[in-house]
Amino acid sequence: MINIISLPFLLNIILSGILLGGLYALIAFGLSLVFGVMGIINIAHGELLIMGSYIAYWLFRILGIHPFLGLIVAAVSVGLIGLLMQRFLIQPVFEKNPFNTLILCFGLSIILQNVMLYAWGGWYRTLLLPEFSSSIWIGGVSINMGWLLIFIFSLLIMFIVYLWLRKTTLGTAIRAAAQDRDAASLMGINVRLIYMLTFFIGAALAAVCGSFYVCIYDVHPWAGPTVKAFIITVIGGAGSFSGALLGGVILGLTESLSTLIIPAAYKDVIGLLMFIIVLLIRPQGLFGRG
Amino acid sequence: MATIAFLLPFITLEYHLYVLSTAFIIAGVSIAWNIMGGFCGQVSFGHAAFFGVGAYVSAILSVDWNLPPILTVPIGTVAALILAGAIGIPCFRLRGAYFALAMLAIAEILRLVCINWVEVTHGPAGVYGIPPFSQVIGTSRRANYFIVLIILMVTVYISYLISKSRYGLAFRSILNDELSAEVSGVNTFKMKMLACIISAALTGLFGAIYAHYMYYIDPQTVFGIKYSLLPIATTLFGGINTVAGPLLGAVSLILLDEYVFRPIFPGLHEFIYGAVLLIVILFMPNGIAGSLKSIWSIKRK
Amino acid sequence: MKIIHKIIIAVVLAVIVIAGSLYYYFSSLPTAAPKKAPIKIAAVFSLTGANARHGTSTCDGVRYYVEKINFEGGIRGHLIDLVVYDDKSDPSVGASMVEKAISVDNVVAVIGGYGTAIAVPEAEVAERLKCPYFAAGSIDIKLFQRGYKWIFRAIPDSYGYAKPMFEFLQRLQKEDPGLKKMWITATTTSSAALEQEKFIINALNATFQIMVENFPTGTADVRPMVIKMREFNPDVVVFIQYYTETVLLLKSMMELGVRPKLVLGSWGMGEAELIKELGGKAEYLFGGAGWTPTAAYPGTQEFFEDFKRKFGYAPDYHQLYGGASLLAVKAAIENLIDAGKELTRENLRDALEKIDIWTPLGRVKFSLKPEEHPLGEVHQNIYAEYIIFQVLNGTQVAVWPPEAAAVKYVYPPPLRW
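Everything numeric here is computed off the predicted structure, so don't read it as measured data.

The rules behind these values
Residues numbered from 1 in each chain as written. Chains lettered and ligands numbered in written order. Predicted model: local features only at pLDDT ≥ 70, side-chain atom pairs only at ≥ 80, totals over all residues. Heavy atoms only, no water. Helix = DSSP H or I, 4+ residues; strand = E, 2+ residues; numbered from the N terminus. Rg over C-alpha atoms; globule rule 2.2 N^0.38 Å. Buried < 20%, exposed > 50% of the residue type's maximum accessible area, 1.4 Å probe, protein only. Contact = heavy atoms within 4.5 Å. Areas by Shrake-Rupley, 256 points an atom, 1.4 Å probe, with all protein chains shown as cover. Lys, Arg positive; Asp, Glu negative; His and termini not counted. Charge placed at Lys NZ, Arg CZ, Asp CG, Glu CD. Buried area = accessible area lost by both parts, 1.4 Å probe. Salt bridge = Lys/Arg side-chain N within 4 Å of Asp/Glu carboxyl O. Polar contact = N/O pair within 3.5 Å; in protein donor to acceptor, adjacent residues only side chain to side chain. Nonpolar A, V, L, I, M, F, W, Y, C, P; charged D, E, K, R; others polar. Phe/Tyr/Trp six-rings, centres within 6.5 Å; stacked < 30°, edge-to-face > 60°. Lys NZ or Arg CZ within 6 Å of the ring centre and 35° of its normal. Pairing = 2+ DSSP bridges. Right-handed = clockwise from strand over helix to strand, strands pointing away. 1 Å grid on protein atoms, 1.4 Å probe; cavity = no way out; pocket = protein on both sides within 12 Å on 5 of 7 lines; lining within 4 Å. Points joined across faces, edges and corners; volume = space filled by probe spheres on them. Expected span 1.5 Å × (residues − 1). Core = buried A, V, L, I, M, F, W, Y, C linked by side-chain atoms within 4.5 Å. Patch = residues over 30% accessible without salt bridge, like charges linked within 9 Å, V, L, I, M, F, W, Y side chains within 5 Å. Axes fitted to C-alpha atoms, helices over the stretch in contact; angles between N-to-C directions. Parallel < 35°, antiparallel > 145°, perpendicular 65-115°, else oblique. Left-handed = near helix turned anticlockwise from the far one by under 90°.

Here's the deal with the overall build of chain A
- The number of helices and strands found in chain A is 11 helices and 2 strands.
- Shown N-terminal to C-terminal, the secondary structure of chain A runs as helices and strands in the order α-α-α-α-β-β-α-α-α-α-α-α-α.
- For a compact globule of 290 residues, the expected C-alpha radius of gyration is about 19 Å, and chain A comes in at 19 Å, within 12% of that figure.
- Taken over 290 residues, chain A has a buried fraction of 59%.
- Here the contacts in chain A between residues at least 6 apart in sequence split such that 77% fall between residues at least 24 apart.
- With an accessible surface of roughly 11,100 Å², chain A has 72% of that area assigned to carbon and sulfur atoms.
- Averaging the positions of the 13 positive and the 8 negative side-chain charges in chain A gives two centres separated by 6 Å.

Focus on the overall build of chain B
- Secondary structure assignment for chain B yields 15 helices and 2 strands.
- Here chain B holds 301 residues, and the buried ones make up 61% of them.
- Here the contacts in chain B between residues at least 6 apart in sequence split such that 78% fall between residues at least 24 apart.

Describing the interface of chain A and chain B
- Of the residues lining the interface, 35 residues belong to chain A; the matching set on chain B comes to 34 residues.
- If you sort the residues of chain A by the area they bury against chain B, A:I103, A:F106 and A:L280 come out on top, with a joint share of 18%.
- For the interface between chain A and chain B, the tally reads 0 salt bridges.
- Put simply, chain A and chain B have 0 residue pairs in polar contact (both at pLDDT 80 or more) between them.
- Sorting the residues of the side of chain A that touches chain B by element identifies helix 3 (67–96), helix 4 (98–120), helix 9 (226–236) and helix 11 (267–281) of chain A as the ones contributing at least two each.
- Grouping the constituent residues of the side of chain A that touches chain B by class yields 28 nonpolar, 5 polar and 2 charged.

With respect to the environment of C:Y297
All names here are of chain C.
- Along the chain, the position of Y297 falls in the loop between strand 10 (286–289) and helix 10 (300–311).
- Classification of Y297 by relative accessible area gives buried; the value is 13%.
- Along the backbone, Y297 and P360 are 63 residues apart, and their C-alpha atoms lie at a distance of 5.4 Å.
- With residues up to four places along the chain from it excluded, the contact list for Y297 reads W358, T359, P360, L361, G362, E385, I387 and A404.
- In this structure the side chain of Y297 is engaged in a polar contact, spanning 3.5 Å, whose partner is the side chain of E385.

Digging into the interface of chain C and chain B
- Between chain C and chain B, the contact holds 24 residues from the first and 21 residues from the second.
- Of the roughly 2,000 Å² buried between chain C and chain B on both sides combined, carbon and sulfur atoms contribute 60%.
- Across the contact surface, chain C and chain B share 0 salt bridges.
- For the interface between chain C and chain B, the tally reads 2 residue pairs in polar contact (both at pLDDT 80 or more).
- Looking at the side of chain C that touches chain B, the elements that each hand over two or more residues are helix 3 (91–103) and helix 4 (116–129) of chain C.
- With 7 residues, the single largest contributor to the side of chain C that touches chain B is helix 3 of chain C.

Considerations on unusual backbone geometry
All names here are of chain C.
- In the segment running from W400 into P401, the intervening peptide bond is cis, with an omega of -5°.
- Here the residue pair Y411 and P412 is connected by a cis peptide bond, since its omega of 0° sits within 30 degrees of zero.
- Structurally, P412 is set in the segment after strand 14 (395–400).
- Backbone geometry at K88 places phi at a positive 55°, although glycine is not the residue there.
- Note on placement: K88 falls in the loop between strand 2 (80–86) and helix 3.

Focus on the packing of aromatic side chains
- Tallied over the entire structure, the rule returns 38 aromatic pairs over all chains.
- Ring centres 5.1 Å apart and planes at 80° place the aromatic pair A:Y57 and A:W58 in the edge-to-face group.
- For A:W58, a relative accessible area of 25% gives the class partly exposed.
- Through successive ring pairs, a cluster of aromatic residues spans C:Y64, C:Y65, C:W291, C:F303, C:F307, C:F311 and C:Y313.
- Seen from the ring of C:W150, C:R349 lies directly overhead, with NZ or CZ sitting 4.4 Å from the centre.
- The ring of C:Y409 is capped by C:K408, whose NZ or CZ atom sits 4.3 Å from the centre of that ring.

Digging into the pairing of strand 6 (residues 181–186) of chain C
Residues and elements named next belong to chain C.
- In terms of burial, strand 6 is a largely internal element, 5 of the 6 residues being buried.
- Two elements, strand 6 and strand 7 (residues 209–212), share 4 bridges in a ladder whose sense is parallel. Within the sheet, the bridge partner assigned to K181 lies in strand 7 and is Q209.
- For the crossover from strand 6 across helix 6 (residues 191–204) to strand 7, the handedness is right-handed.
- Across 5 bridges, the pairing between strand 6 and strand 8 (residues 236–241) is parallel. Residue pairing in the sheet places W183 in a bridge with V237 of strand 8.

A short note on the layout of surface pockets
- Estimated volume of the second largest pocket: approximately 960 Å³.
- Along the walls of the second largest pocket sit 36 residues, with C:R53, C:E271, C:A272, C:E273 and C:K276 positioned nearest its centre.
- Elements with a contribution of two residues or more to the lining of the second largest pocket: helix 2 (45–63) of chain A together with helix 2 (52–71), helix 8 (243–256), helix 9 (272–278), helix 11 (317–338) and strand 14 of chain C.
- Taken together, the residues that form the lining of the second largest pocket break down as 14 nonpolar, 12 polar and 10 charged.

Some words on helix 5 (residues 158–175) of chain C
- Its 18 residues give helix 5 of chain C an end-to-end C-alpha distance of 26 Å, which sits within 8% of 26 Å, the value for a rise of 1.5 Å per residue.
- Where helix 5 of chain C is concerned, the buried positions are C:S158, C:Y159, C:G160, C:Y161, C:A162, C:P164, C:M165, C:F166, C:F168, C:L169, C:L172 and C:Q173.

Considering the pairing of strand 8 of chain C
Residues and elements named next belong to chain C.
- When you tally the buried positions in strand 8, you get 6 out of 6 residues, the bulk of the element.
- Of the two faces of strand 8, both are covered, the one formed by V236, V238 and I240 as well as the one formed by V237, F239 and Q241.
- Bridge count between strand 8 and strand 9 (residues 262–267): 6 bridges; the pairing is parallel. Within the sheet, the bridge partner assigned to Q241 lies in strand 9 and is W267.
- Remark: the strand 8/helix 8/strand 9 crossover connection has right-handed handedness.

Describing the nonpolar core
- By size, the foremost hydrophobic cluster in this structure holds 228 residues, and its most contacted members are A:F275, B:F45, B:I217 and C:V110.
- Once residues lying within four places of it in the same chain are set aside, the contact partners of C:V110 are C:A42, C:V44, C:V98, C:I102, C:C131, C:P132, C:Y133 and C:F134.

Section: the pattern of salt bridges
Residues and elements named next belong to chain C.
- A full pass over the atoms with the stated rule returns 22 salt bridges over all chains.
- The salt bridge involving D306 is made with R309; its shortest N-O contact spans 3.0 Å. Of this pair, D306 and R309 both sit in helix 10, 3 residues apart, which is roughly one turn of the helix.
- Within the structure, one salt-bridge network assembled from shared partners comprises R76, K330, E334 and D338.

Observations regarding a nonpolar patch on the surface
- Taken together, the side chains of A:L69, A:I72, A:V76 and A:L80 make up a nonpolar region of the molecular surface, amounting to roughly 380 Å² of accessible area.
- Among the structural elements, A:I72 can be located in helix 3.

Remarks on the sheet that holds strand 4 (residues 133–137) of chain C
Residue and element names in this part refer to chain C.
- Strands sit in the order 2-1-3-4-5 across an open sheet of 5 strands; the sheet is parallel. Only two strands of the sheet have a single partner each, and these edge strands are strand 2 and strand 5 (151–152).
- Relative to strand 4, strand 3 (residues 109–114) runs parallel, the two sharing 4 bridges. Paired with Y114 across the bridge in strand 4 is G137.
- The strands touched by helix 4 within the sheet are strand 1 (39–45), strand 3, strand 4 and strand 5, with strand 3 carrying the most contacts at an inclination of about 155°.

What to know about the packing of helix 13 (residues 244–264) of chain B against helix 14 (residues 269–283) of chain B
All names here are of chain B.
- Two elements in contact, helix 13 and helix 14, have axes separated by 10 Å at closest approach and are oriented at 135°. Here helix 13 is positioned oblique relative to helix 14, judged by the angle of their axes. Taken as a pair, helix 13 and helix 14 cross one another with a handedness that is right-handed. Along its contact with helix 13, which presents L253, I254, D257, F261 and R262, the element helix 14 presents H269, I272, Y273 and V276.
- Here the contact of helix 13 with helix 14 is composed, by residue class, of 6 nonpolar, 1 polar and 2 charged.

Okay, structure coming up:
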């Protein structure tokens, strides 16, 4: 146990948590969007993310394309897969019985996991890129280059999507459909198409996140951080950009700071406990709409 | 069918009885899950929490405290029951999907606690050397098969009784429309709690049985996704909201998996479970038993 | 149905029945050279799932030796029929596979158990069904302290891992009294790792100031731990973690500028991948492994080259963990046959208790009574020991214990970051 906690040390830990939070926010953002617009809790979100990871991984391994570029390919392909899933599997079930979508997505996640397992094996894969081995030093505080880049990119991407939703026609249509499906329909918006588009974006965002993910974590078919994504979504509030961001940072900071007090082994338990507490006290999260 | 089940031990190898017994245990958990999820509409994705609690309490009491199974099994069941009470009270305020996930989170927390609280739970390696049900019967697969079978039959009967009772009626009303049920005077909170407690207790019971049948448990298996996912898949397959459904689903799925899928598609059998969920949800939301029931009622007309 | 259809169906059925019977008859005729009954041995490993990589490696080791033995004519003329089962990295599947192998497929011995969580239930099944079982991938001590009669271990146990490590550190401390502070981590997802850590801490508590930071496998963000490490400023850093965590820790240390006097890794550090991954930066790091290609045991080089040729990749200790187990079984069966005894599981178990052979993994002889082993284990290979290596010129070179050392270690190691 460290008895004297020096300031740089504390700052390092805090910074670590914040940078992690950026990534966490991105993980949750796609999920949050889909939930906010369609009311669908996509349990397969984590698997879509991991698919993105694998695509980015192979692009790098085979073609030498850096994940920060490869994420474009990953985003489009996984987005398409998501779109197809939505159109042919999720939508019909959702219309009949929303409750069943939960189980459907559960089934989908199992299938996706096993497809990936079959295709690429159970081995843990990760990319250890040079950016992640270098840091910037300010005083006694070190900032890992790679993490910083991910943080910046994540925020940038989330911000772009946010602006797009606010400013463009399509984006506004999505927000309209989210607010009131029937009214939007009456206004001439093809809600079905909107849903497909939203799911595409959600899946694409998951894949982008996956491309970052593989640079840091061990990726394997069942590494999907679906539960983490939910924790963040719940804490921050579903369907909210600032909610995802704040939720992500809060979780990141909590996990990082907790290593000072409790054994590192219990890090995940903290997140889960927070999840339950928030569910009980304020289920709509910090920024969510009930 | 029951007669076949009783006669089997005399004609087959012990290994096949083992497969059947594990199928029965899963069937038991499925039936238990169905009471809460199918009859009452409170879906939980973390039933492994109850299963694991039943298993661990029973195991630790037998191994560390030397209590006989006749005591540890009921205590394990009660432990699961207590957990359900503790969880139910705050969690039933949550909307359906959130509740399902909260259960998942709880199962995960318990798993992590079991891995790390080594002094009590023996850590990641799990607990081994759990004694069989009775020293007299010993470890014979044949004899223990009967014990599992009998408990399963009792469970089926309990499920049947519930579905026919006024509680079952109350559960169904909540399933169909909670608001209307509340309005027509059903104390939905009390009913949901009841469903949860019964479901949890039965699940815990099977967890304890699992411990004394396998002689070994580990946190990854008993708190893992398997005992949260399988009950749902088998219940859906067999027919949610029916009495025989989960039993049918569990036994058929597991036997299919062991004797058909595994030999033909080794390595893909988990995929099959996912595919089953999908197919059932898409085409037969009422499962096999449910579809049979509708065909039966159509024929009668 | 028309008459002609009925006739056609009858003819087709008849043909099938006759063809089937003929096939069955001919396949059970003795072939020209009278074959001796094959010896059935089971290999139960994680071929899919989380442990797939190591499970497959260990299984490959078994396969390699089976192929080699069969190529050379089998065990006294009997070919080995190796039946491979996948436990899918799931303990209950492993247990049921072992049960199946023994009661349905009638194997005479089972080799399996990568990972303690899987080995323990498998061992229990084998013990209950009275069949010799080799734990080829678990170093857990408690399993072999229970006095089980049917399970064996040819590989070192967690004490066998820890002892060379702490003896090495004690030796270094004598040379350099400046070695005072130690930071150690073990993966919490394996009780064997925690056991190993406990042995090291107990041995070194008196002379080192120790900081313990355990975390589970799968933890991605190790920076907070390394930041704390930096605050502590240790002289020695010890890892008992799997591959990815080891690499993550090393990379974080490099990136955060933590430079202890020496780094000693266990488990993941022993994988050949690591040197490729870290390149020149791995130079002078110390690690432990059940075996390295430079170990001075008989047949080591041969095994290394031959395996690489046949399987297309360089083996590390995993392959020999499986291989040595098989070699032990082979030796026991040979003795049985030579003594004119029937090959039953009971006789095999008795024969195994008597063997004393050399393999590329080292010498193999099992303890028969608790007194014969420092921790009271029965059927544990008393000669199995961990080897400490140092990365020199891009290869793992055995440097400790002295009997297995190829060269003297370089201390203080000029770490390359």
